[in-house]
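One letter stands for each residue in the lines below.
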4 protein chains.
Amino acid sequence: MDASTEQEKDVILGNLVRAVQILESSEYFGLLMPEVRVNLVYSMENATSPKDVAGIDGRITLVSGRVKAAGYPKFGASDHMARLIIEVRKYDRRYRAGINFAWTPEISTFLEEYCKKMGWDYAGIDRSLEPKEFSSVEGMSMPWKIKTLVEMCGGKVPKIFYEGPGLGKEPLTVLLGKDAVEVATDVVEISRMYALKHK
Amino acid sequence: MDASTEQEKDVILGNLVRAVQILESSEYFGLLMPEVRVNLVYSMENATSPKDVAGIDGRITLVSGRVKAAGYPKFGASDHMARLIIEVRKYDRRYRAGINFAWTPEISTFLEEYCKKMGWDYAGIDRSLEPKEFSSVEGMSMPWKIKTLVEMCGGKVPKIFYEGPGLGKEPLTVLLGKDAVEVATDVVEISRMYALKHK
Amino acid sequence: MDASTEQEKDVILGNLVRAVQILESSEYFGLLMPEVRVNLVYSMENATSPKDVAGIDGRITLVSGRVKAAGYPKFGASDHMARLIIEVRKYDRRYRAGINFAWTPEISTFLEEYCKKMGWDYAGIDRSLEPKEFSSVEGMSMPWKIKTLVEMCGGKVPKIFYEGPGLGKEPLTVLLGKDAVEVATDVVEISRMYALKHK
Amino acid sequence: MDASTEQEKDVILGNLVRAVQILESSEYFGLLMPEVRVNLVYSMENATSPKDVAGIDGRITLVSGRVKAAGYPKFGASDHMARLIIEVRKYDRRYRAGINFAWTPEISTFLEEYCKKMGWDYAGIDRSLEPKEFSSVEGMSMPWKIKTLVEMCGGKVPKIFYEGPGLGKEPLTVLLGKDAVEVATDVVEISRMYALKHK
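Please read these numbers as outputs of a predicted model, since none were measured by experiment. (Residues numbered from 1 in each chain as written. Chains lettered and ligands numbered in written order. Predicted model: local features only at pLDDT ≥ 70, side-chain atom pairs only at ≥ 80, totals over all residues.)

### Digging into the sheet that holds strand 6 (residues 97–102) of chain C
All names here are of chain C.
Then, in step 1: As summarised here, the arrangement of the seven strands in space is 5-2-1-6-9-8-7, forming an open sheet in which the pairing is mixed. The sheet is open, and its two borders are formed by strand 5 (73–75) and strand 7 (122–125), each paired with just one other strand. The mean inter-strand angle of the sheet, taken between neighbouring strand axes irrespective of direction, is 20 degrees.
Then, in step 2: Bridge count between strand 1 (residues 40–43) and strand 2 (residues 53–56): two bridges; the pairing is antiparallel. (Pairing = 2+ DSSP bridges. Helix = DSSP H or I, 4+ residues; strand = E, 2+ residues; numbered from the N terminus. Axes fitted to C-alpha atoms, helices over the stretch in contact; angles between N-to-C directions.)

Structure (structure tokens):
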């Protein structure tokens with residue numbers, strides 16, 4: 001590794017450390033915990049594969065009701081979210097980080113209203129509409145999903161989107177941002193506002 | 001708590017500690033890790049609610065490719081698996097512990113053969129057949145599932161069974177046993193035999 | 001392992017799980033954290049070596065100001081505290097568990113008064129008085145220490161005692177009890193009373 | 001925080017993440033584990049207090065014989081090592097990171113030889129020579145120690161040094177470097193060479 005690559009990796013890992021502290025300090029983010037647990041990824045500028053994207057090793061879970069990262073930030077620690085951010089960046093280079101969290105009809109109704117207020121695009125993919133020729137071929141599903149979202153949003157990648165319930169697949173919301181700290185800060189605020197409405 | 005309840009709780013928590021050591025020492029159990037992660041539960045003799053069933057706080061995950069419990073064993077740490085074991089015990093009091101792990105067509109084919117050799121019942125629930133009047137009412141789904149399985153197995157609860165893919169639900173295999181150490185020992189052996197066939 | 005040995009091990013490990021929960025829930029126990037960190041041990045009835053004594057793997061530390069066990073309870077996880085409890089049991093079979101925590105002149109003054117109120121013996125060993133023939137021979141130091149304490153307390157092992165500062169050795173207080181939960185409960189109450197006086 | 005301070009913090013935290021991975025991957029570093037456990041610190045360029053120095057929250061310990069960080073890197077997580085690096089930087093701005101590890105006569109003999117080969121200064125402080133007017137005043141001890149070391153090494157801060165056994169104080173070795181990854185890499189190589197000689 002040359003020195004500038006090392007420095008870029010340190011910035012990414014350190015930003016994820018600060019992002020995890022923000023998530024772990026949140027009283028409400030646990031309300032958005034999906035069954036598959038949460039991952040938070042942050043991509044190198046020129047990422048081409050999941051090993052160029054750092055995520056949280058072992059994902060982020062709930063222990064005794066508190067948000068808790070299972071391991072350290074690490075390059076290559078995520079597969080699904082890493083491929084997602086790489087695909088997103090083919091359309092919009094401003095996004096380098098993303099997080100997944102729970103999707104339910106209640107969360108979705110809340111997010112629609114919240115995004116309107118924030119001026120953020122919000123869109124969803126209906127997995128049942130995915131053509132067989134994409135879903136059945138390894139690695140074809142993600143490009144179809146992101147392309148579909150971009151078409152729905154007039155050529156832009158929406159800042160928040162969801163993948164609806166699929167057969168054997170938990171529905172999930174995804175939030176994007178320029179770095180991990182921005183993403184963590186946004187999702188913590190979302191969970192706080194959601195808690196105020198639904199508790 | 002009276003002294004005998006305390007002693008029963010200690011036995012359960014300590015047995016879970018030993019079971020986690022068995023899982024964490026396995027080279028192969030990670031191959032069976034589902035997206036929702038693993039929980040392992042062990043029930044009090046007279047459990048009536050999830051707080052009488054101990055599980056692993058934060059579930060069991062993979063960190064750096066190694067099996068790792070996120071937290072300590074704790075009463076009330078599981079909901080789904082806890083309700084499952086309580087329902088199972090209405091039919092068969094010998095089972096007090098259970099674990100969930102991944103289900104795929106390949107794993108299922110392997111388990112069919114493996115269970116034949118072991119003389120264990122193996123059966124599965126097709127979630128799409130679940131009547132609306134059960135799936136739509138909170139708490140009605142589990143009784144229907146276990147009743148269906150028992151009917152399929154001539155009145156007995158099968159030692160291994162699966163819940164197939166549902167809309168928004170990951171398919172999962174469940175293994176039952178008399179205590180957590182037995183369940184962990186069995187599932188580690190299953191993962192070892194599965195690895196021999198599929199690696 | 002025969003079934004009764006397994007059951008004894010489960011009771012010990014599970015009791016340590018509950019004891020750790022008690023320590024981790026304490027707001028004040030962190031005030032008594034020594035530099036060498038804390039270990040909490042619980043011995044088999046017939047322990048003859050450290051592998052028959054369970055302790056906390058990686059010890060108990062402070063993370064973000066909160067008491068946190070680094071690992072799970074495990075047989076053989078402690079050396080010093082394990083040898084201490086084995087030696088104690090040569091004089092008094094009621095003690096099967098022990099914990100170490102910080103010693104300072106302030107803590108010691110507090111404990112003297114506290115033990116008087118509780119009717120507990122409290123005594124300390126001056127490490128500088130330890131004869132060379134014991135301190136210089138591996139394994140001779142612990143028998144000398146416990147024997148000295150017993151002589152100071154009229155033939156009894158004191159429930160609390162300390163080892164004063166030695167050359168290269170941090171001074172430490174030790175609290176004994178019948179099981180890990182009793183020891184954790186006692187030390188949490190001590191830390192609470194100490195906090196009331198010194199904060 | 002302005003953007004450049006944020007970036008500096010991310011680089012430091014991320015570099016500590018990579019350093020911890022190096023330590024945790026070492027087969028031998030556990031041989032140098034002191035009773036007080038290890039901390040590894042990395043200082044901001046203009047650090048004036050421990051909150052400007054990042055360390056490992058909960059320190060680095062051994063769990064099941066493997067090196068394991070108890071928590072995440074965090075600013076303000078160290079006191080002693082943080083004050084040490086701040087004091088060191090009054091003499092030599094190249095050093096921004098440091099780690100402590102065990103000191104024994106055997107380790108010291110090995111290090112003398114090792115440092116000779118590497119061309120590194122190696123020196124030690126005899127705590128019994130510390131004047132009462134420094135040791136008895138909070139915050140005076142560290143300046144005296146570093147000043148004494150610098151005088152011993154002809155005006156330079158030695159890359160490795162130790163603080164010998166004190167009354168109630170475990171002796172410790174300290175290794176300095178330009179960043180946390182350098183320090184971790186050096187100490188892992190030291191532990192590997194020490195293991196080859198002493199195992």
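### Some words on the environment of Leu31(A)
Residue and element names in this part refer to chain A.
Then, in step 1: Relative to the assigned elements, Leu31 resides in the loop between helix 1 (3–25) and strand 1 (40–43).
Then, in step 2: Using a count of 17 C-beta atoms within 10 Å as the deciding quantity, one classes Leu31 as partly exposed.
Then, in step 3: Distance in space between the C-alpha atoms of Leu31 and Asp186 is 15 Å, their sequence separation being 155 residues.
Then, in step 4: Residues in contact with Leu31, not counting those within four places in the same chain, are Ser191, Tyr194 and Ala195. (Buried ≥ 20, exposed ≤ 12 C-beta atoms within 10 Å, placed from the backbone. Contact = placed C-beta atoms within 7 Å.)

### With respect to the interface of chain B and chain A
Then, in step 1: Taken together, the 19 residues of chain B in the interface contact 19 residues of chain A.
Then, in step 2: Counting residues per element, the side of chain B that touches chain A draws most heavily on strand 3 (residues 60–63) of chain B, at three residues.
Then, in step 3: Broken down by class, the residue content of the side of chain B that touches chain A amounts to seven nonpolar, five polar and seven charged. (Nonpolar A, V, L, I, M, F, W, Y, C, P; charged D, E, K, R; others polar.)

### A word on the interface of chain A and chain D
Then, in step 1: Facing the 13 residues of chain A at the interface are 13 residues of chain D.
Then, in step 2: Ranked by the residues each element gives to the side of chain A that touches chain D, the list is headed by helix 1 of chain A, at 11 residues.
Then, in step 3: Its residues assigned to classes, the side of chain A that touches chain D comprises seven nonpolar, three polar and three charged.

### Considerations on helix 5 (residues 141–152) of chain D
Residue and element names in this part refer to chain D.
Then, in step 1: Taking 1.5 Å of rise per residue, 12 residues should cover 16 Å, and helix 5 covers 17 Å from first to last C-alpha, within 8% of that figure.
Then, in step 2: Among the residues of helix 5, those classed as buried are Lys145, Ile146 and Leu149. Taken end-on, helix 5 shows its buried residues confined to a sector of 90 degrees, consistent with a single buried face.
Then, in step 3: Contacts made by the buried residues of helix 5 are with helix 2 (80–88), strand 7 (122–125) and strand 8 (160–163). (Expected span 1.5 Å × (residues − 1). Arc of directions from axis to C-beta.)

### As for the relation of the copies chain B and chain A
Then, in step 1: Mapping chain B onto chain A leaves a residual RMSD of 0.0 Å; the transformation is a rotation of 180 degrees accompanied by 0.0 Å of translation along its axis. Here the two chains are linked by the operation of a two-fold rotation axis.
Then, in step 2: The residues that chain B uses at the interface reappear at the interface of chain A in 100% of cases, marking a shared surface. (Least-squares fit on C-alpha atoms with pLDDT ≥ 70 in both.)

### Some words on the environment of Glu35(D)
Then, in step 1: Tracing the backbone through its elements, the reader meets Glu35(D) in the loop between helix 1 (3–25) and strand 1 (40–43).
Then, in step 2: Separated by 135 residues in sequence, Glu35(D) and Glu170(D) place their C-alpha atoms 7.6 Å apart.
Then, in step 3: Apart from the residues lying within four places of it in its own chain, the contact partners of Glu35(D) are Val36(C) and Glu170(D).

### Describing the arrangement of the chains
Then, in step 1: A gap remains between chain A and chain C, which never touch, and the nearest two C-alpha atoms on either side lie 10 Å apart.
Then, in step 2: For chain B and chain D, which are not in contact, the least C-alpha distance works out to 11 Å.

### Some words on the relation of the copies chain A and chain D
A rotation about an axis combined with a shift along that same axis relates the two copies of the chain.
Then, in step 1: Superposing chain A onto chain D requires a rotation of 180 degrees together with a translation of 0.0 Å along the rotation axis, leaving an RMSD of 0.0 Å.
Then, in step 2: Both copies present the same face, since 100% of the interface residues in chain A are matched by interface residues at the equivalent positions in chain D.

### So, the packing of helix 1 (residues 3–25) of chain C against helix 6 (residues 180–198) of chain C
Any two packed helices are characterised by the angle at which their axes cross and by the distance between the axes.
Residue and element names in this part refer to chain C.
Then, in step 1: Remark: helix 1 packs on helix 6, axes separated minimally by 8 Å, with the N-to-C direction vectors making an angle of 10 degrees. The pairing of helix 1 with helix 6 is recorded here as roughly parallel in orientation. Touching Asn15, Leu16, Arg18, Ala19, Ile22 and Leu23 of helix 1 are Ala180, Val181, Val183, Ala184, Thr185 and Val188, all from helix 6.
Then, in step 2: Considered class by class, the residues forming the contact of helix 1 with helix 6 number nine nonpolar, two polar and one charged. (Parallel < 35°, antiparallel > 145°, perpendicular 65-115°, else oblique.)

### Describing the packing of helix 1 (residues 3–25) of chain B against helix 1 of chain C
Then, in step 1: Where helix 1 of chain B contacts helix 1 of chain C, the axes come no closer than 6 Å and their chain directions differ by 95 degrees. When the axes of helix 1 of chain B and helix 1 of chain C are compared, the pair comes out roughly perpendicular. Two secondary-structure elements touch here, helix 1 of chain B through Gln7(B), Lys9(B), Asp10(B), Val11(B), Ile12(B), Leu13(B), Gly14(B), Asn15(B), Val17(B) and Arg18(B) and helix 1 of chain C through Gln7(C), Lys9(C), Asp10(C), Val11(C), Ile12(C), Leu13(C), Gly14(C), Asn15(C), Val17(C) and Arg18(C).
Then, in step 2: Residue composition of the contact of helix 1 of chain B with helix 1 of chain C, grouped by class: eight nonpolar, six polar and six charged.

### Concerning the sheet that holds strand 7 (residues 122–125) of chain A
Residues and elements named next belong to chain A.
Then, in step 1: What the seven strands build is an open sheet, ordered 5-2-1-6-9-8-7; its pairing is mixed. The sheet is open, and its two borders are formed by strand 5 (73–75) and strand 7, each paired with just one other strand. The mean inter-strand angle of the sheet, taken between neighbouring strand axes irrespective of direction, is 20 degrees.
Then, in step 2: Against the sheet, helix 5 (residues 141–152) contacts strand 7 and strand 8 (160–163), and its axis sits at roughly 140 degrees relative to strand 7.
Then, in step 3: Running over the sheet, helix 6 (residues 180–198) touches strand 1, strand 6 (97–102) and strand 9 (172–177) and is turned about 30 degrees from strand 6.

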